[in-house]
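Architecture at a glance
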Amino acid sequence: MKARIITSAALFRLIFVTLVLISYSKSGAAAHAFKAPLVLQSVYHRFGIPSAQGSSVNKSKVPHVRGGELEEQTDAQEEEVLDDGVDVGVEADVESDIGIDASNEEEGEEDNLEVPSLNHTVNTINDQQNDISDGNYQYESEYDDEKEALNQDTDVIDGYDDDTATAAPNIGVEVMTQEVEFNANDGDTTDANSVTEINVDEGGDEERYSRQLYTLGARAHSLVRKSTILVDGPPRSGLVYETIKNLALSGVGRVILLSNNSNNTQGRVEEDYFNEGMDDLGLTYRRGAMAECFPSQDEAEIDSFNLIIEYVRRLNPSVKIAVMSRSEFVACTKTNQDCGVIDSARDIGNNPVLMCIDRPLSTQILLNEACRNLADSIGCMRKGCLPFIAIETVGVFGKAFCDFGDNFIVVDEDGETPKATLLDQIEYIEDGKVDVHCVEGERHDVSKGDQIAFQWKNEVEDDSVMDNIKCVVDYVKNPTCFSAKFGSSLKNGTTCEGSEFDDLMRNINRDSKAFQRVKVPKSLSFLSLRDALEAQNDPKKEIFAASDLDKSFDPTRRSAVMASFAALETIVNDQRQLPAFQDADLFVKSTFESGGEESTHRMAIISSFARCAKAKFTPLQAIYGAVGAQEALKAASGLYNPVKQFLLYDCDEILPRAKHQNANEIGAKISGITYILGKKLSKKLSSQKVFVVGSGAIGCEVLKNLAAMNVGTMKKKGGCVTLTDMDTIEKSNLSRQLLFRDGDVGKFKSTAAKEAMQRLNPKVKMNVHTCKVGDDAKGTYFDDKFWSNGVDVVLNALDNVEARLFIDSQCVANQKALVDAGTLGAKGNVQVIVPCQSESYASSSDPPEPTIAVCTLKNFPYEISHTIQWGRDLFDGLFTRRPGQVNEHKQSLFTTNPSEFAKSLLDKLGEDASMLVANELAEDCIVFDRKDENDTQQIKVSSLMWACDLACSLFYDSMNDLLKQHPLNSLDDDDNPFWSGARKAPTPLMYTPDGDSKVDIVNSNIVNFVRHAARLRMEIYDQVITESSFISEEEVKVSLLEYSENNHSNVENEDTDSFQVRITEKIETAKLISSSMCEDLAIAEFEKDDDSNGHVDFVTAASNLRAIVYGITPVDTMETRRVAGRIVPAMISTTAFVSALSCIELVKLVQKVKLKSHRNAFINLALPFFAFTQPLPAEEIEGLHGSSYTIWDRVSIIEKQKSFSNGGITMRRFLSEIKKKAKCGEEEIEVSSVSFGPFMLYANFLHEDDVDVLDTPVKQLLMDAVCSGDIEDDGYDDNGNYEEEEYLSEAQLAEVEAVRSQSFADFTVLVEDPQTGEEAELPPVRILWFEDERMN
């Protein structure tokens, strides 16, 4: 059969990317990590794939967020900042797992909870949208006008240029995007009269959804919170539960369950189409819901819909849940008259989406047509169709279908913030074309056809030619320069030519600081399900989304899978049941009767489909539950590219090769996974010892899947699930971590997860721990015995690279399988490490995370991330370091002579640093009695004055000093203007009582800065803040006026005294006060999630003031929180997807399939993009005599009992054993060196004849090496040897304990190759210590 020609440029690009991925495949990692070779960075960037330089999916970024790239504001947003003193760019979302670090999320409990910062932001955005005119678009009920406007103002409505799908930090959609109002009424007009509805908390909870906000952005998240998702599917289906779980945790406004109680033919077919007995995930969910919601009742007593309702209420109390008859819903779509069931849009809301789950094809078509009819009936906001999504899994095969109508508007196709690139200049070429040059060292991210906008400095003298300018990229010359053409009219309707064009050029070169791509909304047209099925073989209709290069572009496979899904209903209708294993031949025959080419390949696929059709495979249900929920969010918000239109995925490579199963394996009582995999493999899976590291979002999803797959249920065979997480549950975790509830807040995650697992599947044996996993985790359960015998497979659910590398090293050392997963927003990845076959996690590494130069932070910031980091550093210095400094020196100040103390400082720190410390000590040593009201008031007054002085010093004095050092017209060493390029000249700021709107913005930020700085200063001395210590804005303003009148002076007095004299004077002042200080000062640790502590408010005010000083657009607290708190975006749908992929790889590991059958995964649900690549084999390392080895190989030497009895195997004996093991023929080898980690224990040029070293036990040499670091002098005896271990550092003690407790030690050994005379490294040489030693 001739291969189908694929005409789509998007598909060609997808093939190219996936081919490159397969070629280089540096798989991802991290519970938020992603690894990619440098050659792929640009490719990843254009397709929105997490890259090593992106925010994650880079193993070092998960969940680490790059602070170097932040969103910039549109002109409209900048105006909003100037009007209200607040920026409107908001986003949000993270994941937390374990090991070494973890971050959490919270959930609100109050009804109608008000969140001022979020509500203000959303309202501000809505206000902006209501005022949009000219080049921006607002969607109303009538779409004809909108389409006309879109066709006039954009070039990508009818088509979709993949070049616009770029990736940058996952920030949101509000910035540099053509403003669009996606229709959804602000109010909720829901009427529950005609539906059975459970009304619960309707209040928004910013903290609960914070990490999702950073993924979706405020606009999209607001629409999601107002959306109504109608779900039609078997109420006992695991896929229904999985999808609704994802929707509820995502915070949709309402879920309406459509019931079908009809006894007609359609109803009977639907009943026979679903086999609940082999739906393991559904059984697990229902078991857990019963134990949680109705613990004393039998499931038969509870209505299936009520069980879902009660479960959702516990998952997310803010989500409404209702039940509606499908017949009533469908009846209303057949007429425009009020049928008394659905009154206009009130019963299903104004932003509805319909999901059809696990239903036969005829039902899918029926509901899809109903959606198209209903859109016209109620005047739906999306012309031509109420968005329709159908998802279905059959065994290991899955299918999704989307129909969003004839004109669905995608507001932002990837959700990424385009890079703001510093502008050097624009240079006129001809015919309205210009060359745009980046500042030296900057690289743009634009492609041909992209629309760009210029960002202006804070003050622009003449904006008459700066409005409504559309500049389109015409040709990309190189990474730092491109040609562009001005295409839009100017403010007065004239064209860009003549004097006005000259003015435009002049103003851009004078006043523009950067440029940025503008995201333009695009329109997509979908076929109905009926039409799509008819067009599935038409190569001109691109209706299949790619999911796997091996399978998605195989037309035979696609045809076979589609035919199988279509034939399934026919078989069920004829036989009144799903096809069983033995019906495979009949099923194959029926598919060929309905048409299609008969080939061995096609028959094999259809046969595989039939063999597993009766059961459900849990990981695949989790995948399609994630995809379905994500597509529903896209339909509700217009954010991200929808699946267009079919998405097929299968994992038939896990199916047993046997063509027939015996009768015992197809009995009615077996589980779904046993039916699919066979009894033997199912038992093996149940007897696995699985170590889940972390119980955050990924960990919870993995555990849920393991419970449904019966992993760890065969206790007699050693089966168990071991879990560890040192973190505790916070309310912010509840939006993604499905195992936790409000009552679990404060508990250890692992403990609460075990309780939830017992509800889901009591048969799973759980070993839970709350200890750390890492090099310094001495004395824990995870010792050498555990790693050698207590685990078969490790599933990582971690959030940091350090822990991942440790786990990876243990898996390599003990030859254990590892599956690592990571997410960031809509992006995720999975990497599988197969013992003795694949490379390890540590085999490839990411480029170092970009850092901000000190000089940039200190004097020359040009991005908001620079000022936020500066503000965070300021917080740490003022309220963490300085109080700790006082506590550290308080006693020595009291007991030491000031002159000696000053000399000590000078010797340690030098002159400038010593002077700074002395000034800080004199300033911070204050006597305070919290019981004395006068003292409390005095602290308040002095804190206010201190904060006023700090503001003046930071934003006025220091800026003037910098301008004195480098005047505005000064030149650099190359005779170029000093203040040019990335260096922006500062504008000193002072509090001015009377002024214009711009002055008011400065004043507002100064007031906020002083207020929060003074409050935090007070809390250093008195942690119990009472009402009398509250600082009002009026008090701050009075203090600022008083300060400006009495204290501030620009006169500098020269001090001729020596540094030591001046330092001594300050120390004397501190000494007088420190003698009366009884209590330590309070140290503030930055906490991003507590709005009441003022930490983020202080950093925001400090950052925004510094931003204004340097002409950078300020941002609000939400963005400051993201950068300062290093928040990583996260979504439940992405988490569920990668967790399911991890479990599929777990099955393959238990099957022991070949390496080529495993898959690393790279996904981006936003685009959507799916790339599956074979893991790279372990790298061959050149060894001795031309041989090679891999990281999995070892040379083992066993310590005999005789050696142990004599004190242990000596270095001499060890070297002799090495020579025997490495000997080639008759030629002797020479051992050059033996090392253990960073410690060299033996070198032939030093120790060849050193009897002391050669006759010393190797373990003793190891101990001596570990203890050879810095030890306090008191710990040495006269010969320089340490006397007691109490003098060792904690790190050294941990090393000593590790050496003692491990049953082996691996050494790096270099030998001299007798053939070449060159040094060669042997595989790691392992000494297996005599067992009695370890037991002691």
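Residues numbered from 1 in each chain as written. Predicted model: local features only at pLDDT ≥ 70, side-chain atom pairs only at ≥ 80, totals over all residues. Heavy atoms only, no water.

A word on helix H8 (residues 238-250)
- With 13 residues, H8 extends 18 Å from end C-alpha to end C-alpha; this agrees with the ideal 18 Å at 1.5 Å per step.
- Buried residues dominate H8, accounting for 13 of its 13 residues.
- Two to three positions downstream of the cap, the backbone nitrogen of leucine 239 sits 3.1 Å from a side-chain oxygen, assigning the N-cap of H8 to serine 237.
- Backbone geometry just after H8 places glycine 251 at a positive phi near 85°. (Helix = DSSP H or I, 4+ residues; strand = E, 2+ residues; numbered from the N terminus. Expected span 1.5 Å × (residues − 1). Buried < 20%, exposed > 50% of the residue type's maximum accessible area, 1.4 Å probe, protein only. Polar contact = N/O pair within 3.5 Å; in protein donor to acceptor, adjacent residues only side chain to side chain.)

Description of the pairing of strand E9 (residues 397-403)
- Taken across its 7 residues, E9 has 7 buried, putting it largely inside the fold.
- Taking every second residue as pointing to the same face, both faces of E9 are buried, with Phe397, Lys399, Phe401 and Asp403 on one and Gly398, Ala400 and Cys402 on the other.
- Here strand E8 (residues 388-394) runs beside E9; their pairing, made up of 7 bridges, is antiparallel. Residue pairing for E9: isoleucine 391 is matched across the bridge by alanine 400. (Pairing = 2+ DSSP bridges.)

Considering the packing of helix H28 (residues 864-895) against helix H30 (residues 911-924)
- The contact between H28 and H30 brings their axes to 10 Å, and the two run at 85°. Classed by the angle they form, the pair H28 and H30 counts as roughly perpendicular. Of the residues in H30, those in contact with Arg881, Arg882, Gln885, Val886, His889 and Leu893 of H28 are Val917, Glu920, Leu921, Glu923 and Asp924.
- Here the contact of H28 with H30 is built from residues that sort into 4 nonpolar, 2 polar and 5 charged. (Axes fitted to C-alpha atoms, helices over the stretch in contact; angles between N-to-C directions. Parallel < 35°, antiparallel > 145°, perpendicular 65-115°, else oblique. Contact = heavy atoms within 4.5 Å. Nonpolar A, V, L, I, M, F, W, Y, C, P; charged D, E, K, R; others polar.)

Overview of the packing of aromatic side chains
- Counted by the stated rule, this structure contains 34 aromatic pairs.
- Ring plane angle 25° and centroid distance 6.3 Å describe the contact between phenylalanine 454 and phenylalanine 486, whose orientation is recorded as stacked. Highlighted residues: phenylalanine 454 in strand E13 (residues 451-456) and phenylalanine 486 in strand E15 (residues 481-486), separated in sequence by 32 residues. Phenylalanine 486 shares its class with phenylalanine 454; the two are buried.
- The interplanar angle of 75° and the centroid separation of 5.3 Å between the aromatic rings of phenylalanine 482 and phenylalanine 515 together place this pair among those described as edge-to-face. Taken as a pair, phenylalanine 482 in strand E15 and phenylalanine 515 in strand E16 (residues 512-518) lie far apart in primary sequence, 33 residues in all.
- Among the aromatic residues, ring-to-ring pairing joins Trp870, Phe875, Phe879, Trp946, Phe955, Phe1009, Phe1086 and Phe1098 into one connected group.
- The cationic tip of lysine 399 hangs over the ring face of phenylalanine 565; the distance from NZ or CZ to the ring centre is 5.3 Å.
- The positively charged end of arginine 1106 is found above the aromatic ring belonging to tryptophan 870, 4.5 Å away from the centroid. (Phe/Tyr/Trp six-rings, centres within 6.5 Å; stacked < 30°, edge-to-face > 60°. Lys NZ or Arg CZ within 6 Å of the ring centre and 35° of its normal.)

Here we look at the pattern of salt bridges
- Summed over all chains, the structure comprises 62 salt bridges.
- Its salt-bridge partner being glutamate 310, residue arginine 313 comes within 3.4 Å of it at the nearest N-O pair. In this pair, arginine 313 and glutamate 310 both sit in helix H11 (residues 304-315), 3 residues apart, roughly one turn of the helix.
- In this structure arginine 313 comes out as partly exposed when scored by relative accessible area, which is 33%.
- Here lysine 940 and glutamate 1035 are joined by a salt bridge, their closest N and O atoms 3.0 Å apart. Of the two residues, lysine 940 is situated in helix H31 (residues 933-965) and glutamate 1035 in helix H33 (residues 1033-1046); the sequence distance between them amounts to 95 residues. (Salt bridge = Lys/Arg side-chain N within 4 Å of Asp/Glu carboxyl O.)

Some remarks on the confidence of the model for the protein chain
- Confidence along the protein chain averages 77 in pLDDT terms, with 74% of residues attaining 70 or more.
- Below a pLDDT of 50 lies the segment residues 459-465, which in the model reaches 13 contacts outside its immediate sequence neighbourhood of four places, other chains included.
- Throughout residues 1270-1284 the model reports pLDDT below 50, and contacts reaching past four residues in sequence, or to other chains, amount to 19 contacts. (pLDDT = per-residue confidence, 0-100.)

Section: the sheet that holds E16
- On the basis of which strands lie adjacent, the closed barrel formed by 6 strands has the order E11-E12-E15-E14-E13-E16 and antiparallel pairing. For this sheet, the mean inter-axis angle between neighbouring strands, taken without regard to orientation, is 50°.

Some details on the sheet that holds strand E25 (residues 827-833)
- Spatially, E22-E21-E20-E23-E24-E25-E26-E27 is the arrangement adopted by the 8 strands of the open sheet, whose pairing is mixed. Where the open sheet ends on each side, the last strands, each with one partner, are strand E22 (766-769) and strand E27 (1169-1173). Neighbouring strand axes in the sheet, compared pairwise and without regard to direction, differ in orientation by 10° on average.
- Against the sheet, helix H24 (residues 749-760) engages strand E21 (720-724) and E22, with an angle of about 160° to E22.
- The strands touched by helix H37 (residues 1132-1151) within the sheet are strand E20 (689-693), strand E23 (793-796), strand E24 (817-824), E25, strand E26 (1160-1164) and E27, with E24 carrying the most contacts at an inclination of about 170°.

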